[in-house]
Amino acid sequence: MNSILSDRILNMEESATLAMAKKARELKSKGIDIIGLSLGEPDFKTPKHVQEAAKDAIDEGKYFSYPPVAGYQDLREAIAKKLREENNISEAKAENIVVSTGAKHSIANTFMCLLNEGDEVVIFSPYWVSYAEIIKLAGGVPVLIEGTLENNFKATAQQLEEAITDKTKAVIYSSPCNPTGSVFSQSELEAIADVIKSHEGIMVIADEIYELINFTGKNFSIASLPGMFDRTITVNGFSKGYAMTGWRVGYICAPLAIAKACEKIQGQFTSGGTGIAQRAALAAISGDQSPSKEMAEAYFNRRQLVLDLLQEIPGIKTHIPEGAFYFFPDVTAFFGKTAHGHTVKDADDLCLYLLEVANVSLVTGGAFGAPNCVRLSYAASEDELKEALKRIKKALAELA
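Residues numbered from 1 in each chain as written. Predicted model: local features only at pLDDT ≥ 70, side-chain atom pairs only at ≥ 80, totals over all residues. Heavy atoms only, no water.

Q: What is the right way to look at the overall build of the chain in this model?
A: A count of helices and strands for the chain gives 13 helices and 14 strands. Its C-alpha atoms give the chain a radius of gyration of 21 Å, near enough to 21 Å, the size a compact globule of 400 residues would have. Considering only C-alpha atoms, the chain reaches an extent of 60 × 55 × 50 Å along its principal axes. For the chain, the proportion of its 400 residues judged to be buried stands at 56%. (Helix = DSSP H or I, 4+ residues; strand = E, 2+ residues; numbered from the N terminus. Rg over C-alpha atoms; globule rule 2.2 N^0.38 Å. Buried < 20%, exposed > 50% of the residue type's maximum accessible area, 1.4 Å probe, protein only.)

Q: Help me understand the pattern of salt bridges, please; the structure alone is not making it clear to me.
A: When the charged atoms of two side chains with opposite charge come close together, those side chains can pair. For the structure on display, the rule yields 15 salt bridges. Of the charged contacts, one joins Lys394 and Glu398 as a salt bridge, the two residues approaching to 2.8 Å between their closest N and O atoms. Counted as one network, the salt bridges with shared partners bring together Asp33, Glu387 and Arg391. (Salt bridge = Lys/Arg side-chain N within 4 Å of Asp/Glu carboxyl O.)

Q: Even after reading the chapter, I still don't get the sheet that holds strand β14 (residues 374–377), so can you show me in this structure?
A: Sheets are built from strands paired through backbone hydrogen bonds, the pairs being either parallel or antiparallel. Read from one edge to the other, the open sheet built from three strands follows the order β9-β14-β13, with strand pairing classed as antiparallel. Sheet topology places β9 (326–327) and β13 (363–364) at the edges, where each strand pairs with a single neighbour. As paired strands, β13 and β14 are joined by two bridges and run antiparallel to one another. For Thr364, the partnering residue across the bridge sits in β14 and is Val374. (Pairing = 2+ DSSP bridges.)

Q: Please explain the packing of helix α5 (residues 103–114) against helix α6 (residues 130–137) as it appears in this structure.
A: Packed helices, taken two at a time, are described by their axes: the angle between them and the distance between them. Axis separation between α5 and α6 bottoms out at 9 Å; the angle between their running directions is 35°. Like other packed secondary-structure pairs, α5 and α6 cross with a definite hand, here right-handed. In contact with Lys104, Ile107, Ala108 and Phe111 of α5, α6 contributes Ser130, Tyr131, Ile134 and Ile135. (Axes fitted to C-alpha atoms, helices over the stretch in contact; angles between N-to-C directions. Left-handed = near helix turned anticlockwise from the far one by under 90°. Contact = heavy atoms within 4.5 Å.)

Q: Where do I start with the packing of aromatic side chains in this structure?
A: Across all of its chains, the model carries 16 aromatic pairs by this definition. For the ring pair Tyr210 and Phe325, a centre distance of 5.4 Å and an interplane angle of 80° mean the geometry is edge-to-face. With a gap of 115 residues between them, Tyr210 in the loop between β6 (203–207) and β7 (232–237) and Phe325 in the loop between α11 (290–310) and β9 connect regions that are remote in the sequence. Under the relative-accessibility criterion, Phe325 is labelled buried at 0%. Within the aromatic cluster, the residues linked to one another by ring pairs are Phe44, Tyr210, Tyr299, Phe325 and Tyr326. If you follow Arg279 out to its NZ or CZ, it ends over the ring of Tyr72, 5.1 Å from the centre. (Phe/Tyr/Trp six-rings, centres within 6.5 Å; stacked < 30°, edge-to-face > 60°. Lys NZ or Arg CZ within 6 Å of the ring centre and 35° of its normal.)

Q: Teacher, can you tell me more about the sheet that holds β6 here?
A: Taken together, the seven strands give an open sheet; going across it, the order is β2-β8-β7-β6-β5-β3-β4, and neighbouring strands pair in mixed fashion. Only two strands of the sheet have a single partner each, and these edge strands are β2 (97–100) and β4 (141–146). Strand-to-strand, the axes of this sheet are offset by a mean angle of 20°, without reference to chain direction. Across four bridges, strand β3 (residues 120–125) lies against strand β5 (residues 168–174) in parallel orientation. Residue pairing across strands places Glu120 opposite Thr168, the latter belonging to β5. In the packing of helix α4 (residues 73–86) onto the sheet, contacts are made with β2, β7 and β8 (250–253), and the angle to β2 comes to roughly 120°.

See below:
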């Protein structure tokens, strides 16, 4: 049967986060008490005023026809206003905004519009699992520059300079970062911008989807730096900061030619994003922001809870994440050890061991470009986190 399938799909890796979540669901369906810490899925409900806006949109009956491909004008204007006022991206206008079916869709549109066969994209690693696969799907070649645990997993401007070749077309990073929770400072982004500006024709894709879950203070956008608006595609959305994962609304802010290109390709693939979800997104971005702030405060408290519990586990090495809702500990101390018929050769094995022995689902760091680590999401209740870390500690102690 494989002969009927394209090389494109046969060569594509399955999303590791979704694959682990699928395994956890299968075990849950068998009655096993699995605690899922594998997905970046806020456990909060979408804010009430956002839900009400969607209900009102349904009742109005005006949003059942095809929306404009790039998104409703008032939503695009609200996003541009937010970027000008909160992110200091002074050039942002509605015409620069394309609303898509989630930030992942936005990133796919972007690479499909930017890349020709063989173009290289420098990825700051560890990186979100889908970057590399989307780049390859668009004909590009991922080039990884790796941050170290000692530097909070942040690759440097010098590493970027050394990775650039005459085939480099783009650079992508996330801040706050999935999977590490690290945040690039203004000075770090200024150094990165200086490298970009010294090379013609290279674009930056700045993934800021975790912007509202940032424990360092205000998020800094590289597109706000002098000369960088025309070199930057800013990606953001509503999934994380507004607990709207299932609503599927993301967006880019890009130079006009790139925004028009993304609108063109989206017109062929999906057309405009769901109308009702866009009305909810408008309420989220222009309405009461206190629910988002309350969620961020809860994540901050959970971060401290999980940090304290991780530090009680011998062999775990971790930095302190500055945003998002993940820990990304180094687990090499457990490689080569055995228990319950399992021999842990790598992070993949450790995740399977913890799923089967501790009934806790994590994601292997290999999927994020860091095979010595695992990703643990603390977007779960405090009770679940306490129980999960208790189980993990016990299971790891049994490895010898």
